[in-house]
Amino acid sequence: EPEVTQTPSHQVTQMGQEVILRCVPISNHLYFYWYRQILGQKVEFLVSFYNNEISEKSEIFDDQFSVERPDGSNFTLKIRSTKLEDSAMYFCASSEARGGGEKLFFGSGTQLSVL
Amino acid sequence: GNSVTQMEGPVTLSEEAFLTINCTYTATGYPSLFWYVQYPGEGLQLLLKATKADDKGSNKGFEATYRKETTSFHLEKGSVQVSDSAVYFCALSRGNTPLVFGKGTRLSVIA
């Protein structure tokens, strides 16, 4: 069964450093998403991406964040200068069509720890 | 705004026990409601869904009924197994808007 792949599974970085979280969506999917979950809190929407541009973003997704689809297979989330509060589990998701929950396929997440 | 509140975990049950994980929501209009499950080391997977009031979603022995009058979508299973140990997330969506999740409830089932 096709799956969304995220790498690395764990990332440790120093405050102020740049990090790039990588995702390989399902190959025929067109819509891509990032969510995150800070420990003990809700899973929060960050951004959605379609046709090489951001289609929607939340208040969390400020200028420190950016997304890119650098080639035909990868979808990346970059945090320019990490803060302690960026420590969270980051989930990538993709879908074939735009829509709600039943169409999304999620990766297993990248646990980011900012020290 | 739209939000989901689900019961705090962790929940620890013996095999064959009855499971209920409570979920209530706040939303304008008529959202679709979902339960997602995350097994250890895996991504979130859709477990079941309901798209309108009084609908019952079901899968793998789990059920949840969309209750508009109580704005609830509680997850139930009559007899849990060790393999059901996972984190369960309640979520909602309206149309094509991004999913809104709860915090997740960790379930541990002991043999």
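Reference entry: report on the structure contained in this document. (Residues numbered from 1 in each chain as written. Chains lettered and ligands numbered in written order. Predicted model: local features only at pLDDT ≥ 70, side-chain atom pairs only at ≥ 80, totals over all residues. Heavy atoms only, no water.)

The next subject is the state of the cysteines. All names here are of chain A. Throughout the structure, instances matching the rule amount to 2 disulfides over all chains. The side chain of Cys23 participates in a disulfide bridge whose partner is Cys92; the two sulfur atoms lie 2.0 Å from each other. Judged by the torsion about the S-S bond (-65°), the Cys23/Cys92 disulfide is left-handed. Residue Cys23 is located in strand 3 (residues 19–24), and its partner Cys92 is located in strand 9 (residues 88–95); the two are separated by 69 residues in the primary sequence. The class of Cys23 is buried, set by a relative accessible area of 1%. (Disulfide = S-S within 2.5 Å. Helix = DSSP H or I, 4+ residues; strand = E, 2+ residues; numbered from the N terminus. Buried < 20%, exposed > 50% of the residue type's maximum accessible area, 1.4 Å probe, protein only.)

What follows concerns the nonpolar core. If you look at the biggest cluster of nonpolar residues, it comprises 26 residues, and the most contacted ones within it are Leu19, Trp35, Leu47, Leu48, Phe73, Leu75 and Tyr88 of chain B. At the level of secondary structure, the elements contributing two or more residues to this core comprise strand 2 (11–14), strand 3 (19–21), strand 4 (23–26), strand 5 (32–38), strand 6 (45–50), strand 8 (62–65), strand 10 (86–93) and strand 12 (105–110) of chain B. For this core, the element with the most residues is strand 10 of chain B, which contributes 4 residues. Residues in contact with Leu47 of chain B, not counting those within four places in the same chain, are Trp35, Tyr36, Val37, Asn59, Lys60, Phe62, Leu75 and Tyr88 of chain B. By size, the runner-up hydrophobic cluster in this structure holds 22 residues, among which are Val4, Phe49, Ile79 and Cys92 of chain A. (Core = buried A, V, L, I, M, F, W, Y, C linked by side-chain atoms within 4.5 Å. Contact = heavy atoms within 4.5 Å.)

Our focus in this paragraph is the sheet that holds strand 3 of chain B. All names here are of chain B. In spatial order, the strands read 3-9-8-7; together these 4 strands make up an open sheet with antiparallel pairing. Both outer strands of the open sheet, strand 3 and strand 7 (56–59), are each paired with one neighbouring strand and no more. Going across the sheet, the axis of each strand differs from the next one's by a mean of 15°, ignoring polarity. Where strand 8 meets strand 9 (residues 75–77), 3 bridges bridge the pair, whose relative direction is antiparallel. When the bridges of strand 9 are listed, Glu63 appears paired with Glu76. (Pairing = 2+ DSSP bridges. Axes fitted to C-alpha atoms, helices over the stretch in contact; angles between N-to-C directions.)

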